[in-house]
Amino acid sequence: MQVTETLNEGLKRGYSIVVKAAELDAKVNEKLVEAQPEVEMKGFRKGKVPMALLKKQFGERVLGEAMQEAVDGAMNKHFEETGDRPAQQPKVEMKNGEEWKQGDDVEVEMSYEALPEIPEVDLKSISLEKLVVKAEDTAVEEALSNLAETAQDFKARRKGSKAKDGDQVVFDFVGKVDGEAFEGGSAEDFPLTLGSAQFIPGFEEQLVGVKAEEEKDVTVTFPEEYQAEHLAGKEAIFSCTIKEVKEPVAAEINDELAKKFGVDDLEALKTSIRERLEAEYAGAARAVMKRGLLDALDGLVSFDLPPSLLEAEAGQIAHQLWHEDNPEVTDHNHPEIETTEEHTKLAERRVRLGLLLAHLGEKSEVEVTDAEMTQAIMAQARQYPGQERQFFEFVQQNAQMQQQLRAPLFEDKVVDYVFELAQVSEKEISKDDLEKAVEALEDE
């Protein structure tokens, strides 16, 4: 087997691989000898089929396998000896494919872009600022008020008052289609919050303005796609008897409110809120510090980038930004999107930092554990209520989807590793200043 370099330009590499016909023939014979003991053929005992007959019967198929193994072996050996790592799957073409016949040498052309050598970075020389925000009492009180609103109660309006949107109407109703009551269409003392969209479209709006002790017929049409097929698309009349009209009132901020949220008393609820707020602040502050780290790393390293990775990343950025500017287009039926110098510049930063973080992660033996992957998959699966199991199975069978979930986990672990080595100083700021820092990230 002969491997000859044909291209060495920047990160671009090209090689000619020649597999001699004699090598292929030997490999075919080796495979046939290995398989001979298990081969059965009419007229011969198992394992006694002559080699010439085996070669005639199976030689062509085995030759293809031998050819593929020989080329794969040559490629693997080449990468082991050179230390090259291709940026993408190498392009492999059989040079004499159309003219090749059994007994000829096999000539293959292999081309790829090698990943660059990543320069070493003194991570301990990097200085970062960690923003720290304490949850102020006013923020805790505001969050408490919001909780009280979500846990709102209702109190009876003054007699004769008309129901408003947001009020709760307690009523009896009987629904009929074509004059006949239908199953599930009746209830007594049903509490309905107007505007909650709990009932089919058009129902709640007709109860706005009703008063206690009033009777009202509500006429609606069930949607064509209604889950009960015998009611889909049909008109129904609901005879309603209004018993009470209640207005919403926020729950009192006391120990009883705390118990509704699973803690013992108000002080425990305040502590829980404070911890949650400070965890949110810490997450935002981490994003700011991560951007600072990436900026620092970007200024510390410079190396050649594989053109194919750069082109793919620039195209993806252009495509994403186009869809952000054209949110009404939800599919890919749109004109071809051209990349600009701005897209390419942003792609250069992303590819450079991606390769650097991958290098740092490999060097420090950062790994994403099975437990971390499972947690990430479960978190993603929650976006598909009722289909969590199917989503989990889909990810398990889809290597590309697994990589999409693993990549951000890996990056965050590498970033945490660098944080531990960098010189980090803390700076306490206000919530408003933190929000401005986060907004600045979004504007860049």
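The following paragraphs examine the structure supplied in this document. No experiment lies behind these values; they were computed from the predicted model shown.

The next subject is the overall build of the protein. On a plain count of helices and strands, the protein comes out with 11 helices and 11 strands. In summary, the protein has a C-alpha radius of gyration of 35 Å against a globular reference of 22 Å for 444 residues, an excess of more than 25%. The proportion of buried residues among the 444 residues of the protein is 33%. Look at the contacts in the protein between residues 6 or more apart in sequence, and 66% of them connect residues 24 or more apart. In the protein, the 52 positive side-chain charges and the 96 negative ones have mean positions that sit 3 Å from each other.

The end-to-end C-alpha separation of helix H7 (residues 341-363) is 33 Å, in line with the 33 Å expected for 23 residues at 1.5 Å each. Taken together, the buried positions of H7 are occupied by His343, Ala347, Val351, Arg352, Leu353, Leu355, Leu356, Leu357, His359, Leu360 and Gly361. On its buried face, H7 sits against helix H5 (266-300), helix H6 (307-325) and helix H10 (399-421). Glu365 sits one or two residues past H7 and shows a positive phi near 60°.

Moving on, we get to the packing of H5 against H7. One way to put it is that H5 packs onto H7 with a least axis distance of 10 Å and a crossing angle of 95°. As the angle between them shows, H5 and H7 are arranged roughly perpendicular. Contacts between H5 and H7 involve Arg291, Leu294, Asp295, Leu297 and Asp298 from the first element and Arg349, Arg352, Leu353, Leu356 and Leu357 from the second. Classifying every residue of the contact of H5 with H7 gives 5 nonpolar, no polar and 5 charged.

Moving on: the pairing of strand S1 (residues 2-9). Of the strand pairs in this sheet, S1 and strand S2 (residues 12-19) are connected by 7 bridges, and their pairing is antiparallel. Of the residues in S2, the one forming a bridge with Glu9 is Lys12. Linking S1 back to S2 in an antiparallel pair, the connection comprises 2 residues, with Gly10 at a positive phi of about 65°.

Negative charge collects at one region of the surface, where Glu136, Asp432, Asp433, Glu435, Glu439 and Glu442 lie side by side. Looking at where Glu439 falls in the secondary structure, it is placed in helix H11 (residues 431-443). Residue classification places Glu439 among the partly exposed positions, given a relative accessible area of 46%.

Let's shift gears to the packing of helix H3 (residues 137-150) against H5. Contact pair H3 / H5: the axes reach a minimum separation of 10 Å and the direction vectors enclose 110°. It follows from the interaxial angle that H3 and H5 lie roughly perpendicular. By crossing handedness, the relation of H3 to H5 is classed as right-handed. For the pair H3 and H5, contact is made by Asp137, Ala139, Val140, Glu141, Ala143, Leu144 and Leu147 and by Leu266, Leu269, Lys270, Ile273, Arg274, Arg276, Leu277 and Tyr281, respectively. For the contact of H3 with H5, the per-class residue count stands at 10 nonpolar, no polar and 5 charged.

As a further point, take the nonpolar core. Core analysis: the biggest nonpolar cluster contains 28 residues, and Leu123, Ile126, Leu128, Leu293, Leu297, Leu356 and Leu360 have the highest contact counts within it. When residues of this core are traced back to their parent elements, those giving at least two are H5, H6, H7 and H10. Take this core: its biggest share by element is 7 residues, from H7. The residues contacting Leu293, other than those within four sequence positions of it, are Ile126, Leu128, Val415, Val418 and Phe419.

Of all 8 residues making up S2, 7 are buried, and the element is well covered by its neighbours. In the sheet, S2 pairs with strand S4 (residues 106-113) via 8 bridges, with the strands oriented antiparallel. Considered in S4, the bridge of Lys12 is made with Glu113.

All right, on to the layout of surface pockets then. For the largest pocket, the calculated volume is near 1700 Å³. Contributing to the lining of the largest pocket are 35 residues, with Glu313, Arg350, Val351, Gly354 and Glu411 lying nearest its centre. Among the elements of the structure, H5, H6, H7 and H10 are those that each provide at least two residues to the lining of the largest pocket. No other element matches H7, which puts 12 residues into the lining of the largest pocket. Here the residues of the lining of the largest pocket sort into 16 nonpolar, 7 polar and 12 charged.

Parameters and conventions
All chains use their own residue numbering, which begins from 1 and follows the written sequence. Reporting in this predicted model follows two pLDDT cut-offs: at least 70 for local features of residues, and 80 or more for side-chain atom pairs to be given and counted; totals over whole chains, interfaces and linings ignore these cut-offs and use all residues. Side-chain figures throughout are based on the complete set of non-hydrogen atoms in the structure, without hydrogens or water. Counting from the N terminus, the helices are the DSSP runs of H or I reaching at least four residues and the strands are the DSSP runs of E reaching at least two. Each radius of gyration reported is based on C-alpha atoms, and the globular scaling rule is 2.2 Å times the count of residues to the power 0.38. Each residue is placed in one exposure class: buried if its accessible area under a 1.4 Å probe, protein chains only, is under 20% of its type's maximum, exposed if it is over 50%, and partly exposed if it falls in between. Contact definition: two residues touch when any of their heavy atoms are within 4.5 Å. In this tally, Asp and Glu contribute negative charge and Lys and Arg positive charge; neither His nor the terminal groups of the chain are included. Note that the charge is assigned to NZ on lysines, CZ on arginines, CG on aspartates and CD on glutamates. Multiplying 1.5 Å by the helix residue count minus one yields the expected span of that helix. Angular values range over 0 to 180 degrees, each being the angle between N-to-C directions of two axes fitted as lines to C-alpha atoms, with helices fitted over their stretch in contact. We call two directions roughly parallel when the angle between them is under 35 degrees, roughly antiparallel when it is over 145, roughly perpendicular when it lies between 65 and 115, and oblique otherwise. We call Asp, Glu, Lys and Arg charged. Ala, Val, Leu, Ile, Met, Phe, Trp, Tyr, Cys and Pro are nonpolar, and the rest, Gly among them, are polar. Two strands make a pair as long as DSSP finds a minimum of two bridges between them. Exposure above 30% relative accessible area and the lack of any salt bridge qualify a residue for a patch; like charges then connect within 9 Å, and the nonpolar side chains Val, Leu, Ile, Met, Phe, Trp and Tyr within 5 Å. Areas reported as accessible are Shrake-Rupley estimates using a 1.4 Å probe. Residue values count occlusion only from the protein chains shown. The salt bridge criterion pairs a side-chain nitrogen of Lys or Arg with a carboxyl oxygen of Asp or Glu, the two atoms within 4 Å. Left-handed describes a crossing whose near helix is turned anticlockwise from the far helix by less than a right angle; the clockwise case is right-handed. Residues grouped as a nonpolar core are buried Ala, Val, Leu, Ile, Met, Phe, Trp, Tyr and Cys residues, joined through side-chain atoms within 4.5 Å. Of the two site types, the cavity is a set of points on a 1 Å grid over the protein atoms alone where a 1.4 Å probe fits but cannot get out, and the pocket is an open set with protein on both sides within 12 Å along at least five of seven lines, each lined by residues with an atom within 4 Å of a point. Grid points are joined across faces, edges and corners, and a volume is the space filled by probe spheres set on the points.

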